[in-house]
Amino acid sequence: MLALRPVFASASRKGLYASRAWNAQCSRTIQHQATQRKLPPLVFTFDIDGVLLRGPHTIPAARRALDMLNGANPMGVKIPFILLTNGGGVGEEVRRRKLSAQLGVELASNQILQAHTILKSVAHKYADKPVLVLGGRNDDVRKVAEEYGFRHAYTTLDVLAWKPEVWPFHDLTPEERQSARPVDFSKTPISAIFVFHDPRNWSLDIQVILDVIRSRGVIGGPYLETPAPADQQPLPQHSREHEPKHAHGNADKPIELVFCNPDLLWKSDFPQPRIGQGAFREAFQAVHKAVVGTTYPFVQYGKPSTATYKFAEGVLKDRLEELQGGRLERMPTVYMVGDNPESDIAGANGAGWPSILVKTGVYDPAQGEPTHKPTHIAEDVEEAVRWAIEREMGHKPE
């Protein structure tokens, strides 16, 4: 486990625009370029936890950095940005309102990409099929899934309400029971499993995932596979949507399993990092391998996956065209600012974006060099923004 040493912006440290010479030079450069394009030559993508927030608390440098990007600087230039997080569990509009209040800036919903936002792009495939959605409290992720277009989304609490013997070690609370929907899962074959957010009851969720996978969708139905030897190859990942369905659920088709957040660790306001959805995935795979003899194939979204960064770049491009009021001829340089080398920096490097690693979250310089090398290491997000602007404007960063 990493030992964290929180580093915050010091009141005595030089501010973002303390240097008048720096202000004047940047102002002249940006004003010159502004006459040739409507957008500045750089845009930002920020992680949230460990960069802008620590748990529920705003990191002091965050408001100053975001205010500057929104035009509160001597140049009056707005620099577009989006927020890309492996967190989630609520809809983007709910997250937008909360973040706007925490950060003291008015955000737009299309500036916020959560770990599961990418599922909007695949919801049409499962719009009319029963799916299992995991994570979060009660049926919060069901509500998110329905916003995205999944019309038949069920939770493990629904399963437990249907048959308490599925997992006899947990009694539903009144709140959980109220959130559950009545459904007969023996007649409702599950087509896919989506882990939207960090599960709250790992044992229940792992058991139900196993039941869905091993019975090919029909919870309580017979298991259709036999324990495999340790060297057996995993089920194929390629799509088999056009194959005929068996009378028993999806007997000829493996259940697609999708995780939205690979983070093994994340930073809250606790002194040391906490385990995340990536740890849940590892726990599930360990149990599946112990029971069946092999791990189960899965689709992984979230940082640092290529799919998530391509999706983020598409959303950012749409936002820039909206701000510009027309087609984008050339994409500005996208700077990624994050605190986790394994997700933020690895993903940005893979996408070809300049990456800036800050010391206010998961990364602890006392533990040595980061596992993935960033373009630059900064004390906090304010220093990161300043460095990127100086670099892009052709001035030597301090």
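For clarity, every value in this text was computed on a predicted model and none was experimentally measured.

As a further point, take the layout of surface pockets. Taken as a whole, the largest pocket spans an internal volume of roughly 880 Å³. If you trace the largest pocket, you find 38 residues lining it, with Asp-49, Gly-87, Gly-88, His-197 and Trp-266 closest to the centre. Going through the elements one at a time, helix H3 (92-103) and helix H10 (341-351) are the ones with two or more residues in the lining of the largest pocket. Here the element with the most residues in the lining of the largest pocket is H3; it accounts for 5 residues. Of the residues in the lining of the largest pocket, the class split is 10 nonpolar, 14 polar and 14 charged.

Let us now look at the pairing of strand S9 (residues 256-259). Pairing geometry for strand S8 (residues 192-195) and S9, over 4 bridges, is parallel. Note that in S9 the partner of Ile-193 across the bridge is Leu-257.

What follows deals with the pairing of strand S4 (residues 81-84). Burial along S4 is two-sided: Phe-81 and Leu-83 and Ile-82 and Leu-84, pointing in opposite directions, are all buried. Here strand S1 (residues 42-46) pairs with S4 via 3 bridges, running parallel. Note on S4: the bridge partner recorded for Thr-45 is Ile-82. Examined bridge by bridge, S4 and strand S5 (residues 112-113) share 2 bridges and lie parallel to one another. The residue bridging Leu-84 from the neighbouring strand is Leu-113, located in S5. Read as a crossover between parallel neighbours, the route from S4 over H3 to S5 is right-handed.

With that settled, the discussion passes to the sheet that holds S1. Across the sheet, which stays open at both edges, the 6 strands sit in the order S5-S4-S1-S13-S14-S15 with parallel pairing between neighbours. The open sheet has two edge strands with one neighbour each: S5 and strand S15 (376-378). Taken together, the 3 bridges between strand S13 (residues 333-338) and strand S14 (residues 355-358) define a ladder with parallel strand orientation. Following the sheet pairing, Val-337 is matched in S14 by Ile-356. Packed onto the sheet, helix H9 (residues 306-324) meets S1, S4, S5 and S13 and runs at close to 150° relative to S4.

What counts, and at which threshold
- What you see as residue numbers is a count from 1 along each chain, following the sequence as written.
- It should be noted that, the model being predicted, local features are given only for residues of pLDDT at least 70 and side-chain atom pairs only at 80 or more, the latter also being counted only at that level, while totals for whole chains, interfaces and linings use all residues.
- Water and hydrogen atoms play no part in the side-chain values, which are based on all heavy atoms of the structure.
- Only protein atoms enter the 1 Å grid, on which a cavity is a set of points fitting a 1.4 Å probe that cannot get out and a pocket is an open set with protein on both sides within 12 Å along at least 5 of 7 lines, lining residues being those with an atom within 4 Å of a point.
- Grid points are joined across faces, edges and corners, and a volume is the space filled by probe spheres set on the points.
- Helix and strand assignments come from DSSP, with helices taken as H or I runs of at least 4 residues and strands as E runs of at least 2, each series counted from the N terminus.
- Residues are grouped as follows: Ala, Val, Leu, Ile, Met, Phe, Trp, Tyr, Cys and Pro are nonpolar; Asp, Glu, Lys and Arg are charged; all remaining types, including Gly, are polar.
- Only when DSSP finds a minimum of two bridges between them are two strands counted as paired.
- Three exposure classes are used, based on accessible area relative to the maximum for each residue type with a 1.4 Å probe and protein chains only: buried under 20%, partly exposed in between, and exposed over 50%.
- With its strands directed away from the observer, a crossover is right-handed exactly when the path from the first strand over the helix to the second travels clockwise.
- Throughout, a residue-residue contact means that at least one pair of heavy atoms, one from each residue, lies within 4.5 Å.
- Only the stretch in contact is used when fitting a helix axis, every axis being a line fitted to C-alpha atoms; angles between N-to-C directions are given from 0 to 180 degrees.

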